[in-house]
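Here are the chains, one letter per residue:
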Amino acid sequence: MRPAEPSWKVGLVRGYPCAGHGDEWDRLAENLNTMLDRIEGLMGEVKQVTDNVAHDLRTPLARIRGRLEKAYSRYRDADQDQSLINETMADLDSVLRMFSSLTRISQIEASDRTSAFRTVNLAEIAREVVELFDAAAEDGGGHLGAVGEQRVLVTGDRDLLFDAMANLVDNAIKHGREAGRVTVEVSQSNGHAVISVADDGAGIPTDEFQNIFKRFYRLERSRCTPGNGLGLSLVAAVARLHGVRIEMMDNQPGLKIRLQFPLVAATSSQDEFVG
């Protein structure tokens with residue numbers, strides 16, 4: 001018996017109907033439909049990324065062109081020219097950072113970075129990240145602190161883990177409550193190493209939890225505030241590479257993001273340990 005002819009689904013791809021017999025044709029149709037749904041979802045994400053990239057590039061490039069046009073049509077003035085050059089370089093640096101982040105994420109996702117894996121102390125990395133961002137938190141009248149155990153070992157790329165934590169902390173400081181509190185906690189629970197970053201801000205709706213890790217995704221639809229929505233995408237890429245489970249929860253108030261790692265065996269040799 002031949003399978004039924006495919007019917008049009010709502011969206012960009014075709015769907016295959018299931019006859020409801022539970023036979024191999026139904027299973028094939030289910031697998032095909034799952035594949036087609038995934039393709040449709042990816043196509044939608046590509047379109048969203050393209051739209052967001054265009055929006056995020058339009059503003060700095062328009063400002064750069066406007067300044068150059070203004071400079072072209074006026075008499076030379078050393079002070080004004082210096083100001084224009086500084087502002088233009090700042091916008092170009094923002095664009096370059098965007099492409100650098102995209103390239104980094106792609107490299108993490110496309111290549112095998114496990115050759116750089118070592119046994120590292122997650123708590124030590126967390127403390128270094130807190131020290132790095134402590135001044136930024138204080139400048140905004142807030143508080144950033146680390147709590148938890150002093151030695152929690154995991155296997156991973158130390159530089160990538162540092163960058164992932166830094167992005168989580170930076171995101172919490174920027175989007176948490178003004179003059180609020182951000183807490184980084186490292187612990188061991190149920191055979192896993194866990195690090196969490198929590199703020200006491202407004203939080204985000206639960207139906208947005210999975211979206212915030214998409215490239216260029218921002219809750220602010222106008223996209224007027226600084227940023228490009230790539231920080232949490234890098235966190236997600238690093239998490240996938242390390243087999244880390246990401247959990248998000250309401251901090252009441254605020255948002256808490258937990259990264260759950262496989263715990264390093266207690267027999268790990270000391271000479272493999274990187275602080």
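Every chain's residues receive numbers from 1 upward, in the order its sequence appears when written. Totals for whole chains, interfaces and linings use all residues, but because this is a predicted model, local features are given only for residues with pLDDT of at least 70 and pairs of side-chain atoms are given and counted only at 80 or more. With hydrogens and water excluded, all non-hydrogen atoms of the structure serve as input to the side-chain values.

Peer 1: Help me understand helix α2 (residues 78-110) in this model?
Peer 2: Every helix listed is a DSSP run of H or I at least four residues long, and every strand listed is a run of E at least two residues long, numbered separately from the N terminus. Multiply 1.5 Å by the residue count of a helix minus one, and that product is the helix's expected span. With 33 residues, α2 ought to run about 48 Å at 1.5 Å a step, and its terminal C-alpha atoms sit 47 Å apart, in line with that. A 1.4 Å probe rolled over the protein chains alone gives each residue an accessible area, and that area as a share of the maximum for its type sets the label: buried under 20%, exposed over 50%, partly exposed in between. Regarding α2, the residues found buried are Asp81, Leu84, Thr88, Asp91, Val95, Met98, Leu102, Ile105 and Ile108.

Peer 1: Explain the side chain of Thr88 here, please?
Peer 2: Inspection of the secondary structure puts Thr88 in helix α2. Contact criterion: two residues are considered in contact whenever any of their non-hydrogen atoms come within 4.5 Å of each other. In contact with Thr88, not counting residues within four places along its chain, are Ile64 and Arg67.

Peer 1: I keep staring at the sheet that holds strand β7 (residues 192-199) and nothing clicks. Help me out?
Peer 2: Pairing between sheet strands relies on hydrogen bonds along the backbone, with the strands arranged either parallel or antiparallel. Note on pairing: DSSP must find at least two bridges between two strands before they are called paired. A sheet is described by the order of its strands in space; here 5 strands give the open sequence β4-β6-β7-β9-β8, paired in mixed fashion. The open sheet has two edge strands with one neighbour each: β4 (143-148) and β8 (245-250). Mean inter-strand twist for the sheet, computed between neighbouring axes without regard to direction, equals 15 degrees. Comment: axis = line fitted to C-alpha atoms, over the contacting stretch for helices; angle = value between 0 and 180 degrees taken between N-to-C directions. Strand contacts of helix α4 (residues 158-175): β4, β6 (181-189), β7 and β9 (255-262), with the helix running at about 25 degrees to β7, the strand carrying the most contacts.

Peer 1: What exactly am I supposed to notice about the nonpolar core here?
Peer 2: Where a protein is soluble and globular, its nonpolar side chains tend to be buried together. Working definition of a nonpolar core: buried Ala, Val, Leu, Ile, Met, Phe, Trp, Tyr and Cys residues. They are joined through side-chain atoms within 4.5 Å. Grouped together as the largest cluster of nonpolar side chains are 52 residues, with contacts concentrated most on Leu122, Leu144, Val184, Ile195 and Phe261. Once residues lying within four places of it in the same chain are set aside, the contact partners of Ile195 are Leu122, Ala126, Met165, Val184, Glu185, Val186, Ile257, Arg258, Leu259 and Phe261.

Peer 1: Is there a simple way to think about a nonpolar patch on the surface in this case?
Peer 2: Only residues whose relative accessible area exceeds 30% and that take part in no salt bridge are eligible for patches, with like-charged residues grouped when within 9 Å of each other and nonpolar side chains (Val, Leu, Ile, Met, Phe, Trp, Tyr) grouped when within 5 Å. All accessible-area figures derive from a Shrake-Rupley calculation using a 1.4 Å probe, and residue coverage is judged against the displayed protein chains alone. A carboxyl oxygen of Asp or Glu within 4 Å of a side-chain nitrogen of Lys or Arg is what we treat as a salt bridge. On the surface, a nonpolar cluster with roughly 250 Å² of combined accessible area is contributed by Met35, Ile39 and Met43. Assignment of secondary structure puts Met43 in helix α1 (residues 24-72).

Peer 1: Can you walk me through the confidence of the model for the protein chain in this structure?
Peer 2: Any residue range with low pLDDT should be treated as having predicted coordinates unsuitable for detailed reading. Per-residue pLDDT for the protein chain has a mean of 78; in total, 76% of the residues score no lower than 70. Of all secondary-structure elements in the protein chain, the lowest mean pLDDT belongs to strand β1 (residues 7-8), at 38, while β7 reaches the highest, 93. Every residue is assigned a pLDDT by the predictor, reflecting its confidence on a scale from 0 to 100. Across residues 1-13 the pLDDT falls below 50, and counting only partners more than four positions away or on other chains, this stretch makes 22 contacts in the model. Across residues 265-271, confidence stays below pLDDT 50; counting only partners more than four residues off in sequence or on other chains, it has 2 contacts.

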